[in-house]
Amino acid sequence: MKTTIVVIDILNDFVTGVFRNERAEKIIPTIKQLLNFARDNGVPVIYVNDAHLPNVDVEFDVWPPHALAGTWGAQVVDELKPEKGDFVLEKRKYSAFQGTGLDQLLRELEVDTLIITGLVTDICIQHTAADAFFKGYKIVVPEDCVEAINARRQKAALDYLKKAYGCKITRAGEIMRTKWS
Ligand code: ZN
């Protein structure tokens, strides 16, 4: 079993920008701890970040403009900046697998298990978990490293991830106590 950590959309626009979310701010220190633990243990860290193109991206039929490629809103928050050796991919859809090369990278890294972290639980996390499930990856979701816009949506999404895709719902502390391969 080889594991990687995927970090989705911990971007300025999703924390303090256009989709300002105080619940998102609260998970940043825990994600930081988990990423540092992963780096110390040789576990690849893969960021997959919204980098939208204006006018063409289908999400803008539903949402206000956000995380436009090359802008402050599309940058990873200062506290969680990628470090040397991390991978950074860009996406234009909810799922981290859509048009990003993530699946190819995971195969090159010989990964079979994903720890999914980031924002938001009932949209980009859920769509990423769906694609990971269909492609045959095992999925772990630390509930203190993902967030939605409110507690109700967070709980509903975690339940769905568990029931629909067999995601193991756990916590960062539990992952850091697990023996890593
Ligand atoms: Zn988006």
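In this text, all values refer to a predicted model and were calculated from it rather than measured experimentally. (Residues numbered from 1 in each chain as written. Predicted model: local features only at pLDDT ≥ 70, side-chain atom pairs only at ≥ 80, totals over all residues. Heavy atoms only, no water.)

A. A look at the overall build of the protein chain. Within the protein chain, the regular secondary structure consists of 6 helices and 7 strands. Taken from the N to the C terminus, the helices and strands of the protein chain come in the order β-α-α-β-β-α-β-α-β-β-α-β-α. The C-alpha extent of the protein chain, read off along each of the three principal axes, is 45 × 35 × 30 Å. Counting every position in the protein chain, which comprises 181 residues, the buried fraction comes to 53%. By sequence separation, contacts in the protein chain at least 24 residues apart represent 78% of the contacts at least 6 residues apart. Accessible surface, the protein chain as shown: approximately 8900 Å² in total, 52% of it carbon and sulfur. Charged side chains in the protein chain number 23 positive and 25 negative. The centres of these two groups are separated by 5 Å. (Helix = DSSP H or I, 4+ residues; strand = E, 2+ residues; numbered from the N terminus. Buried < 20%, exposed > 50% of the residue type's maximum accessible area, 1.4 Å probe, protein only. Contact = heavy atoms within 4.5 Å. Areas by Shrake-Rupley, 256 points an atom, 1.4 Å probe, with all protein chains shown as cover. Lys, Arg positive; Asp, Glu negative; His and termini not counted. Charge placed at Lys NZ, Arg CZ, Asp CG, Glu CD.)

B. Examining the pattern of salt bridges more closely. In the structure shown here, the tally under the stated rule is 14 salt bridges. Asp-122 serves as the salt-bridge partner of Arg-153, at 2.5 Å between the closest nitrogen and oxygen. Separated by 31 residues along the polypeptide, Arg-153 in helix 5 (residues 151-165) and Asp-122 in helix 4 (residues 121-134) bring together distant segments of the chain. The class for Asp-122 is buried, based on a relative accessible area of 17%. Shared partners join several salt bridges into a network, and the residues in it are Asp-9, Asp-50 and Lys-91. (Salt bridge = Lys/Arg side-chain N within 4 Å of Asp/Glu carboxyl O.)

C. Looking closely at the nonpolar core. Among the nonpolar cores identified, the biggest contains 56 residues, and Leu-80 and Leu-114 are the most heavily contacted of them. With 7 residues, the top contributor of residues to this core is helix 2 (residues 22-40). Look past the residues within four positions of Leu-114 in its chain and what remains in contact with it is Thr-4, Val-6, Phe-97, Leu-106, Ala-132, Tyr-137, Lys-138, Ile-139 and Val-140. (Core = buried A, V, L, I, M, F, W, Y, C linked by side-chain atoms within 4.5 Å.)

D. Focus on the coordination of the zinc ion. Surrounding the zinc ion are the protein donor atoms Asp-50 (OD), His-52 (NE2), Glu-59 (OE) and His-66 (NE2), at 2.0 to 2.2 Å. Note that the zinc ion binds 4 donor atoms; their angles at the metal cover 89 to 170 degrees, and the shape is irregular. (Donors = N, O, S within 2.8 Å, 3.2 Å for Na, K, Ca; no water. Tetrahedral: all angles 85-135°; square planar, octahedral: opposite > 155°, others 65-115°.)

E. Representation of the pairing of strand 5 (residues 138-142) in the model. For strand 5, the tally of buried residues reaches 4 of 5 residues, placing the bulk of the element in the interior. Sheet analysis places strand 4 (residues 113-119) next to strand 5, joined by 3 bridges and oriented parallel. Its bridge partner being in strand 5, Thr-113 is matched across the sheet by Lys-138. Traced from strand 4 through helix 4 to strand 5, the parallel crossover comes out right-handed. Both strand 5 and strand 7 (residues 168-170) contribute to a ladder of 3 bridges, which runs parallel. Residue pairing in the sheet places Val-140 in a bridge with Lys-168 of strand 7. (Pairing = 2+ DSSP bridges. Right-handed = clockwise from strand over helix to strand, strands pointing away.)

F. Region of interest: the state of the cysteines. Taken as a whole and judged by the stated rule, the model has 0 disulfides. Cys-167 provides the cysteine sulfur closest to Cys-124, a residue in no disulfide bond, and the two sulfurs are 15 Å apart. Just so you know, Cys-167 is unpaired, no disulfide at all, and the nearest cysteine sulfur is the one on Cys-145, 14 Å from it. (Disulfide = S-S within 2.5 Å.)

G. Geometry of the pairing of strand 1 (residues 3-8). For strand 1, a buried count of 6 out of 6 residues is recorded, marking the element as mostly surrounded by other parts of the structure. Burial of the side chains of strand 1 extends over both faces: Thr-3, Ile-5 and Val-7 are buried on one face and Thr-4, Val-6 and Ile-8 on the other. Taken together, the 6 bridges between strand 1 and strand 4 define a ladder with parallel strand orientation. From the neighbouring strand, Ile-5 faces strand 4, where its bridge partner is Ile-115.

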